[in-house]
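Summary of the model geometry
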Amino acid sequence: MAARDLFHALVRSALETHGWTITHDPYVLTVGGVDFAIDLGAEHLVAAKRNGVQIAVEIKSFLGPSLVTDFHAALGQFLNYQLALEQTDPTRQLYLAVPLDAYLTFFQLPFAQTARDRYGVRLLIYDPVQPEVLTWNPHPPIG
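What to know about the packing of aromatic side chains
Tallying each qualifying case throughout the model produces 8 aromatic pairs. Arranged with centres 5.9 Å apart and planes meeting at 85°, the rings of Phe36 and Tyr81 form a pair that is edge-to-face. Of this pair, Phe36 sits in strand β3 (residues 34–38) while Tyr81 sits in helix α2 (residues 67–88); the two residues are 45 residues apart in sequence, bridging distant segments of the chain. By the burial criterion, Phe36 is buried, and Tyr81 matches it. A ring pair is formed by Phe71 and Phe107, whose centres lie 5.7 Å apart and whose planes are at 80°; its orientation type is edge-to-face. Remark: Phe107 occurs in the loop between α3 (100–104) and α4 (110–119) and Phe71 occurs in helix α2; sequence separation between them is 36 residues.

Quick look at the structure:
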């Protein structure tokens, strides 16, 4: 199994603070003979619904020497995990968790925005210093 991201525990704690129940850590899938391990699976119960909103979260630190290289790896993982979820758990929404500094710099560039929009990348922006989810893009439908 792959090593956990540097901010794994922080993002998990932030989700729990915001009312998410961690259902998988990691969320393991096998599709077409390939094993995948998405960092987290979580559920948020909605009072008006019988079943809650379910998400999967892949956590990235973007601390490598190149944000472009980190983005390539993160986008590739996101696309593969999205395909695996479509086949095994199509109601679960996949989010890519990125730190605030990467979001404010790299993810604001026109190329990154175009790639995010074209491939339907959902972002969860977290504070790398304290366990806080700062924003969702788009926000999961809870409420």
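Considering α2
Here α2 is 22 residues long and its end C-alpha atoms lie 31 Å apart, about the 32 Å a rise of 1.5 Å per residue gives. Those residues of α2 that sit buried are Phe71, Ala74, Leu75, Phe78, Tyr81, Gln82, Ala84 and Leu85. The inward-facing, buried residues of α2 abut β2 (27–31), β3, β5 (53–59), β6 (93–99), α4 and β7 (122–127). Taking the backbone nitrogen of Val68 as reference, a side-chain oxygen 3.3 Å away marks Ser66 as the first, capping residue of α2.

Observations regarding α4
When we look at burial in α4, the residues that qualify are Ala112, Ala115 and Arg116. Looking straight down α4, one finds that the buried residues subtend no more than 100° of arc, so they occupy a single side. Facing away from the buried surface of α4 by more than 90 degrees, the exposed residues are Pro110, Phe111, Asp117 and Arg118. Phi for Gly120, located one or two positions after α4, is positive at around 65°.

A few points about the sheet that holds strand β1 (residues 21–24)
Overall, mixed pairing links the 6 strands, which are arranged β1-β4-β5-β6-β7-β8 in an open sheet. The open sheet has two free edges, formed respectively by β1 and β8 (132–137), since each of these has just one partner strand. Taking each pair of neighbouring strands and ignoring which way they run, the sheet shows an average axis angle of 35°. Bridge count between strand β4 (residues 40–44) and β5: 5 bridges; the pairing is antiparallel. Considered in β5, the bridge of Glu43 is made with Gln54. Set on the sheet, helix α1 (residues 8–17) makes contact with β1, β4, β5, β6, β7 and β8; between it and β5 the angle comes to about 160°.

Examining the nonpolar core
Ile38, Val98, Phe107 and Leu123 are the most contacted members of the largest nonpolar core, which has 26 residues in total. Looking at this core, the elements with two or more residues in it are β2, β3, α2, β6, α3, α4 and β7. With 7 residues, the single largest contributor to this core is α2. The contacts of Phe107, once residues within four sequence positions are left out, are Phe62, Phe71, Val98, Ala102, Ala112, Gln113, Arg116 and Leu123. Ranked by size, the runner-up nonpolar core spans 19 residues in total, among them Ile22, Ala97, Tyr126 and Val133.

Reading the values: the criteria
Residues numbered from 1 in each chain as written. Predicted model: local features only at pLDDT ≥ 70, side-chain atom pairs only at ≥ 80, totals over all residues. Heavy atoms only, no water. Phe/Tyr/Trp six-rings, centres within 6.5 Å; stacked < 30°, edge-to-face > 60°. Helix = DSSP H or I, 4+ residues; strand = E, 2+ residues; numbered from the N terminus. Buried < 20%, exposed > 50% of the residue type's maximum accessible area, 1.4 Å probe, protein only. Expected span 1.5 Å × (residues − 1). Contact = heavy atoms within 4.5 Å. Polar contact = N/O pair within 3.5 Å; in protein donor to acceptor, adjacent residues only side chain to side chain. Arc of directions from axis to C-beta. Pairing = 2+ DSSP bridges. Axes fitted to C-alpha atoms, helices over the stretch in contact; angles between N-to-C directions. Core = buried A, V, L, I, M, F, W, Y, C linked by side-chain atoms within 4.5 Å.

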